[in-house]
Amino acid sequence: MIELIHVKKEFDNLEVLSDISITINDHEIYGIIGQSGAGKSTLLRCINGLVSYDSGEIRVGGELVDIKDKKKLSLLQKRMGMIFQNFNLLNRLDVYDNVALPMKFWGIDTKSPEAIKKIKNLIELVGLSDKMHSLPRELSGGQKQRVAIARALVLDPEILLCDEATSALDPSITREILSLLQKINKEMGITIIVVTHQMEVVKQICERVSFLKDGRVLAEGKPEELFIKPIKEVKQFLQEESGHLPSDGVNIQLFFTDESSDEPVITKMARDLNIDYSICWGKLEDFRSNVFGSLVINVKNEDQDNICRYLDDKKVLWEVL
Ligand SMILES: Nc1ncnc2c1ncn2[C@@H]1O[C@H](COP(=O)(O)OP(=O)(O)OP(=O)(O)O)[C@@H](O)[C@H]1O
Ligand SMILES: [Mg+2]
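Rules behind the numbers
Residues numbered from 1 in each chain as written. Chains lettered and ligands numbered in written order. Predicted model: local features only at pLDDT ≥ 70, side-chain atom pairs only at ≥ 80, totals over all residues. Helix = DSSP H or I, 4+ residues; strand = E, 2+ residues; numbered from the N terminus. Buried ≥ 20, exposed ≤ 12 C-beta atoms within 10 Å, placed from the backbone. Domains from an automatic or database assignment. Nonpolar A, V, L, I, M, F, W, Y, C, P; charged D, E, K, R; others polar. Pairing = 2+ DSSP bridges.

S.K.: If you had to explain unusual backbone geometry to someone new, which residues and values would you point to?
M.R.: When glycine is set aside, most residues are seen to have a negative phi, and most peptide bonds are trans. Phi is positive for aspartate 19, close to 55°, though the residue is something other than glycine. By secondary structure assignment, the location of aspartate 19 is in strand β2 (residues 14–24). Positive phi outside glycine occurs at histidine 27, with the angle close to 70°. Considering the arrangement of structural elements, one finds histidine 27 in the loop between β2 and β3 (29–33). A tally of 13 C-beta atoms within 10 Å means that histidine 27 is categorised as partly exposed.

So, in structure tokens, the structure goes:
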């Protein structure tokens, strides 16, 4: 478990993290999303002790992250692998040697049969067995990130920290890398923290997510909870508008969750209540394996009460706009 308790951090009198409290469970894929400058990278770097925090506590598996205790910190850092947007590979080393690098740093004999087996297995896991001795310049962006992932796993970390790991990649390669992260999470049980400004990333793999703005967590929950019915700030971030809605009658937004999304609720409602409605706006979203949706309908003023009672009865979430 990773616990952040009232964490604060300033850079040059500018508060970059303001009272952050979040708990990330073991084996979870947790997202941190927000605009540029929100403090996402700083938060991640505080977790693995690359930067210090001013007050509060960060605990990883119960151990306090304390930048002053160098020896303890470096043992803690060994338990956390990290990958970045720009891959951070060493250009003069081939794939194999890049993956082996953290072992060398820790004085582990990379020529031992166990080490060789482990490095080769990881390269195979990330799908690069045929590129074992290629140099970074001979690889595509997606392949470079695969090398970085293998390298981040070579010391058997419990946690993988990903800072905008897919931001430099195109959408189809992004999906492949995210699937690989999901596989690593499932098969190796590694906890993954994903920092991103891309909603698609969070939707595809995160079980829970925090929305960060100006160093504060403004919303936390399952991605579908955050994005289907977003608070004002998340809506602004998504730059999503329901468009121009009719000024006559009442506009009601309906939210379909996994239990209700398959039912033709609206047509049934129109029949049951003998009412007319018009559809103003609608959207379906894929969240991991679930589909969620939201729909804005326009109805007559006099039908509003009946409709809202009906929707409550059918357990459909709604909001009058
Ligand atoms: N080493 C530093 N010294 C001074 N200020 C810093 C330092 N690192 C970050 N900051 C400031 O802290 C704030 C948060 O930066 P951070 O990099 O954490 O944001 P971010 O959410 O990761 O943004 P991006 O999406 O652009 O990567 C910014 O205002 C940034 O200028
Ligand atoms: Mg950043």
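Having seen the model, we can carry on.
S.K.: I'd like to hear about the domain arrangement of the chain, residue by residue, with values.
M.R.: For the chain, the assigned domains read domain 1 (2–229) and domain 2 (250–320). Computed over C-alpha atoms, the centres of domain 1 and domain 2 are 39 Å apart. Listing elements by their share of the side of domain 1 that touches domain 2, those giving two or more residues are α7 (199–205) and α8 (223–228). In terms of residues, the side of domain 1 that touches domain 2 owes the most to one element, α8, which gives 4 residues. Here the side of domain 1 that touches domain 2 is composed, by residue class, of 3 nonpolar, 1 polar and 3 charged.

S.K.: Go over the sheet that holds strand β1 (residues 2–11) with me, naming the residues and quoting the values.
M.R.: Strand pairs in the sheet, formed through backbone hydrogen bonds, run parallel or antiparallel to each other. Spatially, 4 strands are ordered β2-β1-β4-β5 in an open sheet, and the strand pairing comes out antiparallel. Edge positions in the open sheet fall to β2 and β5 (63–64), since each of these has one partner strand only. Taken together, the 5 bridges between β1 and strand β4 (residues 55–60) define a ladder with antiparallel strand orientation. By the bridge assignment for β4, glutamate 3 is matched with arginine 59.

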